[in-house]
Structures are given as C-alpha cells and as structure tokens.
Amino acid sequence: MPLPTSPDQLLARLDALGIHTTTHGHPPLHTVEESKALRGTLPGGHCKNLFLKDKKDQHWLVVALEDARIDLNRLDKAIGSARLSFASAERLWRFLGIRPGSVTPFALVNDPDLKVRVILQKAMMEHDPLNYHPLLNDRTTAIRPDDLLRFIRACGHEPAIVEFG
C-alpha cells in the first residue's frame, strides 16, 4: 500500500513552511546500528523514534538521541502515561502512515486527528541539525531544532520537551 504522504510531498510541505532541510539518500536502514555504520560524517544529532502505546490506549511518539537509554518503566512517569509498551506495526500504519524502520517525527503529517502525543528529549533539542528519515528509511533529512518544532506545530501537535535518557 502506498504511503499517505510521500517523502517528496513531505519535503514540499517543509519548503512551503519556509523550512530549509538537507536530504541524503542511502540504502534502507532499519536500526541505529545500521545507521551508525553507513552515515559517514553526516553532522548533527542522530536520533531514534519510538512509537508507543499505554494501558489507556493512548499513543506516543518519543524522539531521542540514538544513544539515549530509555526505560519505559520510568518514562511513563516523566510523561504522565501509564505502563508504556511498543505499539504494533498495524497501529503504526493506522496512526502515522509509516512502516517499522521508518518511524520519524515527520510522520505527524499523517496524524490530522491528533491521536499521537509527541515527546522530544530535551538533550536532543540541543543538537543542530537533527537527522530523521523523511517517511522512508532510504534517506535522511537534516532539520534545525526550531524548524522541527515549527513543523510539528504546523501539523497541529504541541510537543512536550522532556528530560530523560
């Protein structure tokens, strides 16, 4: 099934918002380890993204530096959730319109009903630029932290910036 928003449509939307990004193509990457091995000297903060659900069936997108240690049993208290666990691939597709291995804050473009709560790691926001997949894991897009916030807000979400990891 095709993505609800293509990477080209996403980049056009960023451009329409006046947000400058740089995108690099590469072989598909599925893990942080693969990314580290192939990115070379690509500057900035390299990130991981967790799509989670809690026992109240709320959905969370947690975005952090790739080496951040995230303890779900402690994170739930920091973000006001209850018993976090990883959401299924089916939920990822239903709520964010992306597939496993391509989780990214850019997928919030596919959540017009605001069903997903966004959590950004405070330490991550101190890096410039930040690097994420633009909806597919065969490229990486660099964006400034302030522009990431502007994009997320333009999608209707108000991210929480939380100290963890």
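One can find the structure itself at the top, above this paragraph.
Analysis parameters
Here the residue numbers are simple positions, counted from 1 along each chain's written sequence. Per-residue local features are limited, in this predicted model, to residues with pLDDT of at least 70; the limit for side-chain atom pairs, both in listing and counting, is 80 or more; totals at the level of whole chains, interfaces and linings are taken over all residues. The basis for every side-chain value is the complete set of heavy atoms in the structure, and neither hydrogens nor water enter the calculation. Here a patch means residues that are over 30% exposed by relative accessible area and free of salt bridges, tied together within 9 Å if like-charged and within 5 Å if nonpolar (Val, Leu, Ile, Met, Phe, Trp, Tyr). Each accessible area is a Shrake-Rupley result for a 1.4 Å probe, and residues are judged covered by the shown protein chains and nothing else. Here, a salt bridge means any side-chain nitrogen of Lys or Arg that lies within 4 Å of a carboxyl oxygen of Asp or Glu. Positive: Lys, Arg. Negative: Asp, Glu. His and the chain ends are not part of the count. Charge coordinates come from a single atom per side chain, which is NZ of Lys, CZ of Arg, CG of Asp or CD of Glu. Working definition: helices are DSSP H or I runs of at least four residues, strands are E runs of at least two. Numbering for both runs from the N terminus. Relative accessibility decides the category of a residue: with a 1.4 Å probe and only protein chains considered, values under 20% of the type maximum give buried, values over 50% give exposed, and everything between is partly exposed. Only the six-membered ring of Trp is used, alongside the rings of Phe and Tyr, when aromatic pairs are assigned; centres must lie within 6.5 Å, and planes under 30 degrees apart are stacked while those over 60 apart are edge-to-face, with the rest tilted.

Draft legend 1. Highlighting a positive patch on the surface. Taken together, K55, K56, R83 and R117 make up a surface patch of like positive charges. Here K56 shows up in the loop between β2 (45-53) and β3 (59-65). Using a relative accessible area of 57% as the deciding quantity, one classes K56 as exposed.

Draft legend 2. Spotlight on the packing of aromatic side chains. Under the definition given, this model contains two aromatic pairs. When the centroid spacing of 5.9 Å and the interplanar angle of 90° are considered together, the rings of F106 and Y132 count as edge-to-face. Of this pair, F106 sits in the loop between α4 (89-96) and β5 (116-121) while Y132 sits in strand β6 (residues 130-132); the two residues are 26 residues apart in sequence, bridging distant segments of the chain. In terms of burial, F106 and Y132 fall into one category: buried. Ring plane angle 70° and centroid distance 5.6 Å describe the contact between F106 and F151, whose orientation is recorded as edge-to-face. Remark: F151 occurs in helix α5 (residues 145-154) and F106 occurs in the loop between α4 and β5; sequence separation between them is 45 residues.

Draft legend 3. Region of the structure containing unusual backbone geometry. Of note, the amide linkage connecting D128 to P129 takes the cis form, showing an omega dihedral of 0°. Looking at where P129 falls in the secondary structure, it is placed in the loop between β5 and β6. Residue D57 is not a glycine yet carries a positive backbone phi of 65°. By the element assignment, D57 lies in the loop between β2 and β3. With a phi close to 85°, L135 is a non-glycine residue in the positive phi region. Secondary-structure assignment places L135 in the loop between β6 and β7 (139-143).

Nothing here speaks to function; it is all geometry.
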